[in-house]
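An overview of the molecular structure
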Amino acid sequence: MEYPSNLRYTKDHEWIKTEGNIATVGITDFAQHELGDIVFVDIDTKGKPLSANDIFGTVEAVKTVSDLYLPVSGTIIEVNALLEGSPESVNQDPYGNGWMIKMEIDNPAELDSLLDAAAYTQLIGA
Amino acid sequence: MKNTPFTEKHIALGAKMAAFAGYNMPISYTGINEEHHCVRNNAGVFDVSHMGEFMLKGENALDLIQRVTTNDASKLTDGKAQYSCLPNNEGGIVDDLLVYCVEQNKTYMLVVNASNIEKDWNWISSHNTKGVEMHNISAHTALLAVQGPKATEYLQQLTDMDITNLKYYTFAKGKFAGIDNVLVSATGYTGAGGVEIYFEDKDGASDKIWEEIFRVGTPHGMKPIGLAARDTLRLEKGFCLYGNDIDDTTSPIEAGLSWITKFTKDFTNRNHIEAQKKDGVSKKLVGIELLDRGIPRHGHTIQNNDGKEIGVVTSGTQSPTLNKAIGLAYVASEHAAIGSEINIMIRDKAIKAKVVGLPFVA
């Protein structure tokens, strides 16, 4: 499994990639593998001001359901429309087509408290 | 945690493992959907050796079975099996089970859920007032379910028993894959066709049978399948799962198990259950299909359009065959008619659903 070094990670298995004050968020390869076949990504928090660690949605796999936690404070500006019809994209391409949201970040300094790839791989014992 | 004779094979094959009923069991190998389709369309192999098996022997064996189960085991002749359940005295179900007639009036095998082995053994023993010889052979009995429309076609070459033409809910006993005394039964929990294979775990029999099954099946795409796909397969057929859809508090009538509840004989709590059948019950187990996006899960409550609670989901999943969210649920009887519109409460949202007929997948 891959954990790109240009991403930051949460202990809840989300990844975040930033470009300026806009960030893209998804779940890690480890997370999609643990969940198994993903059948529904439910995110209805677009436009709401959220804090770091807030639940911004849920991901439903055949067998299990898991909450999604926002890595840093901010506002969701876009939900990946591809996931409406093709939730399996999260399994197939978790860092690419399987991204979940784009958000505006309130405070870039919060990124410093997230895990880097080395710390995340250590967390999951990979 | 206990192992089955095949636990090490599952781990070596890279299965995702988890504790189930005290056993270290494979949940999935390559992915639930892929495994599910493999069984529905071709054939797959489940290790279900965690299930419990009791042998009941002697002239009073049938009498004991008749008193503790709801179905009429006197109809069973040699080589026939039936689905049944053990009712308790409080209107609920101790367990659901299969009753195998090995030799009519003399020898029967009961196959029970792994999580209920001790409970069932104690329950049946407490009713054994006429000296029936009982053996709990669970610990040394291996069970592989080879399920799917192609299963018997592949396996036939491993035995002289005619397993291709074995009728549903019948079984044969004989030599299989070079091992004697193997019981091959045209049953299963997937509704996909195929057989269940029972044998004693001794002298390398488990290794031999596993290897032979895959030797003949693998070239045709037969795969090992985990318990997660077993659950989606059974749910598509509307089969009850003990602990989810039926338990110590649900009656056979509420659960839609009238068809295995025969008032032609006496059994535990018969009068109460017969009254339920005659007078009706206040809740019923029904199939549900979601009309809005979401997946129903065990424990989700159900409301009517006025926001009144009218039921609870007992099982739910995204059906891999239908690609729809389906489930089983108890609803108040006035909402149990096919087509009734109900709302499943998922994360504080009311998701529209309707009652549908079972099975979901014919």
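Along each chain, residues carry numbers from 1 onward, in the same order as the chain's sequence is written. Whichever chain is written first is A, and whichever ligand is written first is 1; the rest continue in order. Per-residue local features are limited, in this predicted model, to residues with pLDDT of at least 70; the limit for side-chain atom pairs, both in listing and counting, is 80 or more; totals at the level of whole chains, interfaces and linings are taken over all residues. No hydrogens and no water enter the side-chain calculation; it runs on all heavy atoms of the structure.

Glancing now at the domain arrangement of chain B. All names here are of chain B. Examined at the domain level, chain B breaks down into domain 1 (7–49 + 139–235) and domain 2 (282–362). Computed from C-alpha coordinates alone, the two centres of domain 1 and domain 2 are separated by 32 Å. Between domain 1 and domain 2, the residue contacts involve 7 residues of the former and 9 residues of the latter. Between domain 1 and domain 2, a total of about 670 Å² is buried, with carbon and sulfur atoms accounting for 64% of that surface. Salt bridges are counted wherever a side-chain nitrogen of Lys or Arg sits within 4 Å of a carboxyl oxygen of Asp or Glu. Inspection of the region where domain 1 meets domain 2 yields 0 salt bridges. Contacts described as polar in this section are N or O atom pairs within 3.5 Å, which, within protein, must combine one atom able to donate a hydrogen with one able to accept it, while residues neighboring in sequence count only if both atoms come from side chains. Between the two partners, domain 1 and domain 2, sit 2 residue pairs in polar contact (both at pLDDT 80 or more). Numbering of helices and strands runs from the N terminus; a helix is a DSSP stretch of H or I covering at least four residues, while a strand is a stretch of E covering at least two. Listing elements by their share of the side of domain 1 that touches domain 2, those giving two or more residues are α2 (32–41) and α7 (227–236). The dominant element in the side of domain 1 that touches domain 2, judged by the number of residues it contributes, is α2, at 4 residues. What counts as a domain boundary in this text is fixed by an automatic or database domain assignment. The contact rule is simple, with two residues in contact once any of their heavy atoms fall within 4.5 Å. Each of two parts loses accessible area, computed with a 1.4 Å probe, when they are put together; buried area is these two losses added.

Residue and element names in this part refer to chain A. Structurally, Trp-15 can be placed in strand β2 (residues 14–19). When accessible area is computed with a 1.4 Å probe and restricted to protein chains, residues below 20% of their type maximum are described as buried, those above 50% as exposed, and intermediate ones as partly exposed. Residue class for Trp-15 comes out buried when judged on its relative accessible area of 1%. Sequence separation of Trp-15 and Asp-116 is 101 residues, and the distance between their C-alpha atoms is 9.6 Å. Excluding residues that lie within four positions of it along the chain, Trp-15 makes contacts with Leu-7, Arg-8, Tyr-9, Thr-24, Val-25, Gly-26, Ile-27, Thr-28, Pro-94, Tyr-95 and Trp-99. Of the polar contacts made by the side chain of Trp-15, one reaches the backbone oxygen of Ile-27; its length is 3.0 Å. Within the structure, the side chain of Trp-15 is placed 3.0 Å from the backbone oxygen of Pro-94, a separation counted as a polar contact.

All names here are of chain B. Taken as a whole, the second largest pocket encloses approximately 510 Å³ of empty space. Surrounding the second largest pocket, 20 residues form its lining, Ile-137, Lys-173, Asn-181, Phe-199 and Glu-200 being those nearest its centre. In terms of residue count, the dominant contributor to the lining of the second largest pocket is strand β11 (residues 179–185) (5 residues). Lining residues are those with an atom within 4 Å of a point, where the points come from a 1 Å grid over the protein atoms alone and group into cavities, where a 1.4 Å probe fits but cannot get out, or pockets, open sets with protein on both sides within 12 Å along at least five of seven lines. Grid points are joined across faces, edges and corners, and a volume is the space filled by probe spheres set on the points.

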